[in-house]
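Results of the structural survey
Listed below are the residues making up each chain.
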Amino acid sequence: MSISVLSGAETPLLEQDTIDGYVGCNGRPVARAKSGGWRSASFIIGIEVAERFAYFGIESNLISYLTGPLGQSTAAAAEQVNAWSGTAMLLPLLGGFVADSFLGRYRTIIVASLLYVLGLSLLTVTATLPSVNPSGCQNTDNFALCSSQFQEILFFFALFLVALGQGGQKPCVQAFGADQFDTQDPEECKAKSSFFNWWYFCLCTAMFITHWVLNYIQDNLSWVLGFGIPCVMMVVALVVFLCGTTTYRFSVKGDKKNPFVRIGEVYILAARNWNKASSAIAVEEELHGNLPTESSNQFKFLNKALLASDGLKEHGQAFSIREVEEAKAVLRLVPIWFASLVYAVVFAQSSTFFVKQGATMNRSITAEFKISSASLQSFASLASILFIPIYDRIFVPLTRGFTRKPAGITMLQRIGIGMLLSAVSIVIAALVEMQRLMTAQKHGLVDKPDAMVPMSVWWLVPSYVLFGLSDVFTMVGLQEFFYDQVPNELRSVGLSLYLSIFGVGSFLSSFLISAIENATGGNGQDSWFADNLNRAHLDYFYWLLAALSAIQLALYLYFTKSYIYNKGQR
């Protein structure tokens, strides 16, 4: 068998069918027909579907667990959810760094999945413990039984493990999946363009099932099952992922310096050469045949890294034009990242205040069945599931005919459309909340927080649907943008940057809630986020987010006008 492999490797015809820059699990060149493509991507999508099922099984209903079994207030629970979500979305920066610099994406996925399984197992254990007693520790025979404190410590430790696992897996799985398509091959390049759409389609399907099945189990049957089922799913998905190992394409790292170090040194050298004359840079560019381009004229201060400096290189230019352009490409991402933060703040509300808001409304479907308020998030997933095939099979071909662009519209145009839809969704949410408060006042329910407000929960569905549509544009657009516009060696980190938008957005949401809670809850007055939502003013908060969304959109449009694509207009 080894002889046939060696003889096959020496066959010139097969050499034409191998893929540059990629090897198989055995370290040898891989044949295009026997590796990668949708076959390999399906194994990778499988573990991501299980991970999203587990993550949203926790995140979508976490506020209910915190205010229920753990006995926290609404505002405190919302802050905890945002803080945990923010941490979970920032940890991919660490995971991406570890993957791109040390372990590689494949090994990082395996280690992260094991951490995930451990965290989910501990969550299941905490759910078996009795609910927190508000009185805290109880003394029995002079022995302090602090089971409630132990439960909280174990619970938040388990949450941290899940966040850590998510931080390692999230940036690597999608980048590893996209690596299975060769952009140099026309057919695979076209498939790769659709990969991000169908990737998100599968994720939304997992979220839809989570919101309808898992949230119902958590609210009506058992939190033990609600945490245990995702744990089993993750174990099965990890086994499936390992089964596809022989079909995967693994990117080969070159002999170049670590990309983090290389790009960092460009910035350092440019700073060292700050006082160098512009004429010296022009001469250096001319010597290397670099014609003035739109990119070379942007962030011109980094062009000073083309000049040698003592202590870095002995002769010639310190860095090549390509290396300087890589540093510029990373720097160009910063304004887009910054202008997307408010979108992430709005996104965070769907799993916190929207859930508590829906819990006060009429959720009856039949006389005996009530929909879980957390399950309403499934309408966002359903909207995405229904719209992604329309976008990929109808919208893209139609717009491609007008714009002559492979994806129909550019990535930045796609992101901007989603931001507009997000702003509209939060305006509708504010109007619905105003109506809910008026209905509660009309029926004398202002001081009855446990009473059902006679207003159908379906009023919240339009906001969730618009959330889902905005995700198809902005969420998928950001994924593709941060994968495509970074150097090849930093693609895991690129996707980490995309995820960090939602991490920082969650922390900003938590900060806003805390600041507004302190500012509006003094002097015996009810804050905007009072536990009695009939006396709260979530509508004021939503209007504030709508105003911030409008400002964000204006800033985004301003930044995109000057953005230069790294690899051609997309």
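Bear in mind the structure is a predicted one, so any value in this text is a computation, not a measurement.

Attention now goes to helix α17 (residues 461–484). With 24 residues, α17 ought to run about 34 Å at 1.5 Å a step, and its terminal C-alpha atoms sit 34 Å apart, in line with that. The sharpest bend along α17 reaches about 40 degrees and sits at Asp471.

With 133 residues, the main nonpolar core has Ile58, Leu120, Leu123, Phe155, Phe481, Phe502 and Tyr542 as its most contacted residues. Tallying contributions element by element places helix α7 (residues 147–178) first for this core, with twelve residues. Looking at which domains feed residues into this core, each of domain 1 (19–131 + 149–253) and domain 3 (331–565) supplies at least three. Judged by nonpolar contacts, the second largest core, of twelve residues, contains Ile263, Phe319, Val324 and Val493.

According to the stated counting rule, one finds 46 aromatic pairs in the structure shown. Here the aromatic rings of Phe481 and Tyr563 are separated by 5.3 Å at their centres, their planes lie at 55 degrees, and the arrangement is tilted. Placement of the pair is Phe481 in helix α17 and Tyr563 in the segment after α19 (538–561), with a sequence separation of 82 residues. Residue class for Tyr563 comes out buried when judged on its relative accessible area of 10%.

With respect to the helices, strands and loops of the structure, Glu59 is situated in helix α3 (residues 37–59). Buried Glu59, no salt bridge; nearest opposite-charge side chain is Arg52, N-O distance 7.6 Å. Apart from the residues within four sequence positions on either side, Glu59 is in contact with Trp84, Ser85 and Ser351.

Time to look at the pairing of strand β1 (residues 18–23). Two strands pair when backbone bridges link them, and β1 and strand β2 (residues 29–31) are joined in this way by two bridges, in the antiparallel orientation. Within the sheet, the bridge partner assigned to Thr18 lies in β2 and is Ala31. Between β1 and the antiparallel strand that follows it, β2, lie five residues; Gly27 among them carries a positive phi value of about 85 degrees. Alignment of β1 against strand β5 (residues 250–251), held across two bridges, turns out to be antiparallel. Residue pairing for β5: Val23 is matched across the bridge by Phe250.

A pair of packed helices is captured by two measures, namely the crossing angle of their axes and the spacing between those axes. Two elements in contact, helix α13 (residues 341–348) and helix α18 (residues 491–520), have axes whose closest approach is 7 Å; the angle formed by their N-to-C orientations is 65 degrees. By the angle class used here, α13 and α18 are roughly perpendicular. Along this stretch, α13 crosses α18, giving a crossing that reads as right-handed. For the pair α13 and α18, contact is made by Leu341, Tyr343, Ala344, Val345, Phe347 and Ala348 and by Ile501, Phe502, Val504, Gly505, Ser506, Leu508, Ser509 and Leu512, respectively. In the contact of α13 with α18, the residues fall into eleven nonpolar, three polar and no charged.

Conventions we followed
Residues numbered from 1 in each chain as written. Predicted model: local features only at pLDDT ≥ 70, side-chain atom pairs only at ≥ 80, totals over all residues. Heavy atoms only, no water. Helix = DSSP H or I, 4+ residues; strand = E, 2+ residues; numbered from the N terminus. Expected span 1.5 Å × (residues − 1). Bend = angle between axes of the 7 residues up to and from the residue. Core = buried A, V, L, I, M, F, W, Y, C linked by side-chain atoms within 4.5 Å. Buried < 20%, exposed > 50% of the residue type's maximum accessible area, 1.4 Å probe, protein only. Domains from an automatic or database assignment. Phe/Tyr/Trp six-rings, centres within 6.5 Å; stacked < 30°, edge-to-face > 60°. Lys, Arg positive; Asp, Glu negative; His and termini not counted. Salt bridge = Lys/Arg side-chain N within 4 Å of Asp/Glu carboxyl O. Contact = heavy atoms within 4.5 Å. Pairing = 2+ DSSP bridges. Axes fitted to C-alpha atoms, helices over the stretch in contact; angles between N-to-C directions. Parallel < 35°, antiparallel > 145°, perpendicular 65-115°, else oblique. Left-handed = near helix turned anticlockwise from the far one by under 90°. Nonpolar A, V, L, I, M, F, W, Y, C, P; charged D, E, K, R; others polar.

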